[in-house]
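Breakdown of the fold
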Amino acid sequence: MKKVIITGGLGFIGSNLINILKNKYFIINIDKVTYASNFNNINPYIKNYRFYKADINDKIFIKNILKKYNPSIIFNLAAETHVDRSIDGPEKFIKSNILGVFNLLESIRNYQKKIKLIHISTDEVYGDVKKNYKSKEEDAYRPSSPYSATKASGDLLIKSYIRTYKIPAIITNCCNNFGPNQYPEKLIPTIIYNILNQKPIPIYGKGQNIREWIYVEDHCDALIRIAEDGIIGENYNIGSGVLLNNIDIAKKIIFAIKKIIHHSNIISKIKLVRDRPGHDLRYSLNSTKIKNQLKWECKSSFKERINETIVWYINKFKTNHFKNDDFKYRTGLKI
Ligand SMILES: NC(=O)c1ccc[n+]([C@@H]2O[C@H](COP(=O)([O-])OP(=O)(O)OC[C@H]3O[C@@H](n4cnc5c(N)ncnc54)[C@H](O)[C@@H]3O)[C@@H](O)[C@H]2O)c1
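The residue numbering used here restarts from 1 in each chain and proceeds along that chain's sequence as written. Side-chain atom pairs in this predicted model are given and counted only at pLDDT of 80 or more, local residue features only at pLDDT of at least 70, and totals for whole chains, interfaces and linings cover all residues. Side-chain numbers come from the whole structure's heavy atoms, not from hydrogens or water.

**Some words on the site of the ligand**
Filter applied, for reference: Here a residue is near a molecule or strand as soon as one of its heavy atoms is found within 4 Å of it. Counting of polar contacts relies on pairs of N or O atoms within 3.5 Å, with two restrictions inside protein: one atom must be capable of donating a hydrogen and the other of accepting it, and residues adjacent in sequence are counted only when both atoms are side-chain atoms. What sets the accessible areas is the Shrake-Rupley method with a 1.4 Å probe; for residues, cover comes only from the shown protein chains. Each helix is a run of H or I in the DSSP string that is no shorter than four residues. Each strand is a run of E no shorter than two, and both are numbered from the N terminus.
Residues in contact with the ligand amount to 28 residues; listed here are only the nearest, Ile 13, Asp 31, Thr 81, Tyr 147 and Lys 151. A distance of 3.5 Å separates an oxygen atom of the ligand from a polar atom in the backbone of Ala 79. Here an oxygen atom of the ligand and a backbone polar atom of Ile 120 are 3.3 Å apart. Protein burial of the ligand: of its 840 Å² of free accessible surface, 97% is covered by the chains. Put simply, the parts of the chain that give the shell around the ligand at least two residues each are helix H1 (12-21), strand S5 (116-122), helix H5 (146-165) and strand S7 (176-178). Per-element accounting of the shell around the ligand gives the leading share, three residues, to S5.

**Some thoughts on the sheet that holds S7**
Formally: DSSP calls a pair of strands paired once it identifies at least 2 bridges connecting them. In this analysis an axis means a line fitted to C-alpha atoms, helices contributing only their contacting stretch, and an angle means the value between N-to-C directions, from 0 to 180 degrees. Residues count as neighbours in contact if any of their non-hydrogen atoms are within 4.5 Å of one another.
If you trace the three strands from one edge of the open sheet to the other, you get S7-S9-S11, paired in mixed fashion. Each edge of the open sheet carries a strand with a single partner, namely S7 and strand S11 (243-245). Across the sheet, the axes of successive neighbouring strands diverge by a mean angle of 50°, strand direction being ignored. Of the pairings in the sheet, the one linking strand S9 (residues 210-215) to S11 comprises three bridges and is antiparallel in character. Residue pairing across strands places Glu 212 opposite Leu 243, the latter belonging to S11. Where helix H7 (residues 216-229) meets the sheet, its contacts fall on S7 and S9, and the angle it forms with S9 comes to roughly 75°.

See below:
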């Protein structure tokens, strides 16, 4: 059985990736256990699975783990990910998203055997894109927030290591994900939580910011395709083609929740709050490369998957899946 390391495996996308890969590979999950981690995201009884609480910046630990397991792939999902938190305090982002990547690269460079690095990055590195334009893999990086600047820096370091040291790495740039296991501070869980608790739904600025939304399993599916058949040294955009502004997302979720819980007197209203500084207006990806080269396509219907996601959160909000602290930091409400 091939061994793969998944860093950040207690987070949103990493835990979904583990749940998909669990019967195919021996999985080593390395996670620092930050506020965004949740042990409930992973079934502790899965076979062929080891968890290590560690920072990807820990040189000795990463060296020893490579020696112990000799993995064939590292999926790097360990990162600080919330844009608002990066504006409040960028330092942690620099440590995990730049220095952490640097340490992984150095560890791979110093390790004698071949390991493929699949680095998970974001569409935010391309910055704002104009109406009707879709970012291509070869476009320049123009990050706007400390979060996207650290992701862009990590990507650039990897590109330099690919060229200079021939490190076998691939960078993936995906759009906004939704689905189960996402930390409640993010937009979609926040909307669902506030509607269920009859609270106003905080939306930044005029609510016209457009994002491309992909179901998390479609993203994971693309990562697996890329790990198996992607060309070393390349970047792949991963998008769904589903573009929605924040007001439309909120309206769609209000509508869906009313249908799901048969509750006509849901009174939650959208509340426009002071905009996030540096807020990009529009992201959109050109995903032709992955579709043509790897025959990957986004299979999910947004409508079906958002309904499933809402049902998942309705059920989890009733249990102790999340900690109380998880609801304290809310986009918009802190302003
Ligand atoms: N969520 C999205 O919509 C989205 C879209 C595109 C790309 N991405 C990228 O995908 C990756 C995963 O995102 P997510 O939404 O699952 O994030 P998340 O915040 O839910 O999880 C990140 C995990 O990484 C861990 N971590 C952070 N720093 C670490 C460190 N130094 N060492 C070890 N573990 C560390 C955290 O403890 C957490 O469990 C990130 O790189 C992010 O930039 C996310």
